[in-house]
Amino acid sequence: MNSKTARLEELCTIKTGAPTSRAKKIAEGVEPKEVKVLLPRAMQGGSIIDEELAIETVGEVKDENFTHEGDVVIKLSTPYDSVYIDEAHGGIMITSSGMVLRKKAEAELDMQYLSMFLNLPQTNSVLQAVSTGQSVAMAMLKRQTVADIEVPLLPIERQRKLAALFQAVQERKRQYVRLIELDGELVTSQMTKSIWGEEE
């Protein structure tokens, strides 16, 4: 099904995050604070991996460099994962290894749909083809490359239905992962009890 498109820059503001080294500088008179930091490895498969978030002590960092609910953050190195920021992941510092996309008020765009589109293999291939770097592994996204992405503008209700489907699939994945973890714990517990006669 064909649909109209719009350049990403027409739909969202685009901003690179704060350099970590600069954020960690504590100016005189500034109260240092501990914050969660969104590292590249914490962005996988359209989701934030909480265990991979870092904790850093920083000085004065502008609010625009922290995640807000409804943002999309795209990783600038391969693979170019992007994540939608839900309520639980607001207030995380975005480093210069990512760009934050914030919907313009007039845009008919569901931001979770946007994150899904950016994570498609077809979109990733296009980004790799136009990125700069000595090799595919080192290719870094530039702001203009992100700005020029053509986003298919499906009817907003269709966007929302796709976003809801994605949420359901992600929740199912989390449940499967937890079940696998519980199975592993059960096996370990039974082995320990059988061999040594005690729980781990």
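The structure reproduced in this document is the subject of the present report. Because the structure is predicted, anything quoted here is derived from the model rather than measured.

Procedures and definitions
- Residues numbered from 1 in each chain as written.
- Predicted model: local features only at pLDDT ≥ 70, side-chain atom pairs only at ≥ 80, totals over all residues.
- Heavy atoms only, no water.
- Patch = residues over 30% accessible without salt bridge, like charges linked within 9 Å, V, L, I, M, F, W, Y side chains within 5 Å.
- Areas by Shrake-Rupley, 256 points an atom, 1.4 Å probe, with all protein chains shown as cover.
- Salt bridge = Lys/Arg side-chain N within 4 Å of Asp/Glu carboxyl O.
- Helix = DSSP H or I, 4+ residues; strand = E, 2+ residues; numbered from the N terminus.
- Buried < 20%, exposed > 50% of the residue type's maximum accessible area, 1.4 Å probe, protein only.
- Pairing = 2+ DSSP bridges.
- Axes fitted to C-alpha atoms, helices over the stretch in contact; angles between N-to-C directions.
- Contact = heavy atoms within 4.5 Å.
- Lys, Arg positive; Asp, Glu negative; His and termini not counted.
- Charge placed at Lys NZ, Arg CZ, Asp CG, Glu CD.
- Polar contact = N/O pair within 3.5 Å; in protein donor to acceptor, adjacent residues only side chain to side chain.
- Parallel < 35°, antiparallel > 145°, perpendicular 65-115°, else oblique.
- Left-handed = near helix turned anticlockwise from the far one by under 90°.
- Nonpolar A, V, L, I, M, F, W, Y, C, P; charged D, E, K, R; others polar.
- Core = buried A, V, L, I, M, F, W, Y, C linked by side-chain atoms within 4.5 Å.

1. Considering a nonpolar patch on the surface
Point 1. On the surface, Val-187, Met-191, Ile-195 and Trp-196 cluster together into a nonpolar patch covering about 470 Å² of accessible area.
Point 2. Here Trp-196 is to be found in helix α6 (residues 156-196).
Point 3. In this structure Trp-196 comes out as exposed when scored by relative accessible area, which is 60%.

2. Regarding helix α3 (residues 111-118)
Point 1. Most of α3 is tucked away: 7 of the 8 residues are buried.
Point 2. When α3 is considered as a whole, its buried residues turn out to be Met-111, Gln-112, Tyr-113, Leu-114, Ser-115, Phe-117 and Leu-118.

3. Focus on the sheet that holds strand β7 (residues 72-75)
Point 1. Across the sheet, 4 strands lie side by side as β2-β10-β7-β8; this open sheet has antiparallel pairing. Edge strands, defined here as strands with exactly one partner in the open sheet, are β2 (12-16) and β8 (82-84). The sheet shows a mean angle of 20° between the axes of neighbouring strands, taken without regard to direction.
Point 2. Along the sheet, α3 makes contact with β2, β7, β8 and β10 (98-103), crossing β8 at roughly 160°.

4. Remarks on a negative patch on the surface
Point 1. Where like charges cluster on the molecular surface, the negative patch consists of Asp-50, Glu-51, Glu-69, Asp-86 and Glu-87.
Point 2. Within the secondary structure, Asp-86 sits in the loop between β8 and β9 (93-94).
Point 3. Relative accessible area serves as the criterion here: at 32%, Asp-86 is assigned to the partly exposed category.

5. Here's the deal with the side chain of Gln-159
Point 1. Mapped onto the fold, Gln-159 is located in helix α6.
Point 2. Look at Gln-159 and you get buried, because its relative accessible area is 0%.
Point 3. A polar contact of 2.7 Å, which involves the side chain of Gln-159, links it to the backbone oxygen of Leu-154.
Point 4. Sequence-distant contacts of Gln-159, defined by excluding residues within four places in its chain, comprise Glu-108, Leu-109, Asp-110, Tyr-113, Leu-153 and Leu-154.

6. Observations concerning the sheet that holds β9
Point 1. Spatially, 3 strands are ordered β6-β3-β9 in an open sheet, and the strand pairing comes out mixed. Lying at the two open borders of the sheet, with one neighbouring strand each, are β6 (54-58) and β9.
Point 2. The sheet contact formed by strand β3 (residues 33-38) and β6 spans 5 bridges and is antiparallel. Across the sheet, Val-37 pairs through a bridge with Ala-54, a residue of β6.

7. Details of the packing of α3 against α6
Point 1. Remark: α3 packs on α6, axes separated minimally by 8 Å, with the N-to-C direction vectors making an angle of 70°. As judged from the angle between their axes, α3 and α6 are roughly perpendicular. Here α3 and α6 pass one another in a crossing that is left-handed. Packed against α3, whose contacting residues are Gln-112, Tyr-113 and Met-116, the element α6 presents Gln-159, Leu-162, Ala-163, Phe-166 and Gln-167 at the interface.
Point 2. Of the residues that constitute the contact of α3 with α6, the class distribution is 5 nonpolar, 3 polar and no charged.

8. What about the nonpolar core?
Point 1. Core analysis: the largest hydrophobic core is formed by 27 residues, its most contacted members being Leu-101, Leu-109, Leu-114 and Val-151.
Point 2. Those elements giving two or more residues to this core turn out to be α1 (8-11), β2, β7, β10, α3 and α5 (143-147).
Point 3. Ranked by residue count, the leading element in this core is α3, at 5 residues.
Point 4. Residue contacts for Val-151: discarding those within four places in its chain leaves Lys-4, Thr-5, Ala-6, Leu-8, Leu-11, Leu-109, Tyr-113, Leu-114 and Phe-117.
Point 5. With 11 residues, the next largest nonpolar core counts Ala-42, Ile-48, Val-83 and Ile-92 among its residues.

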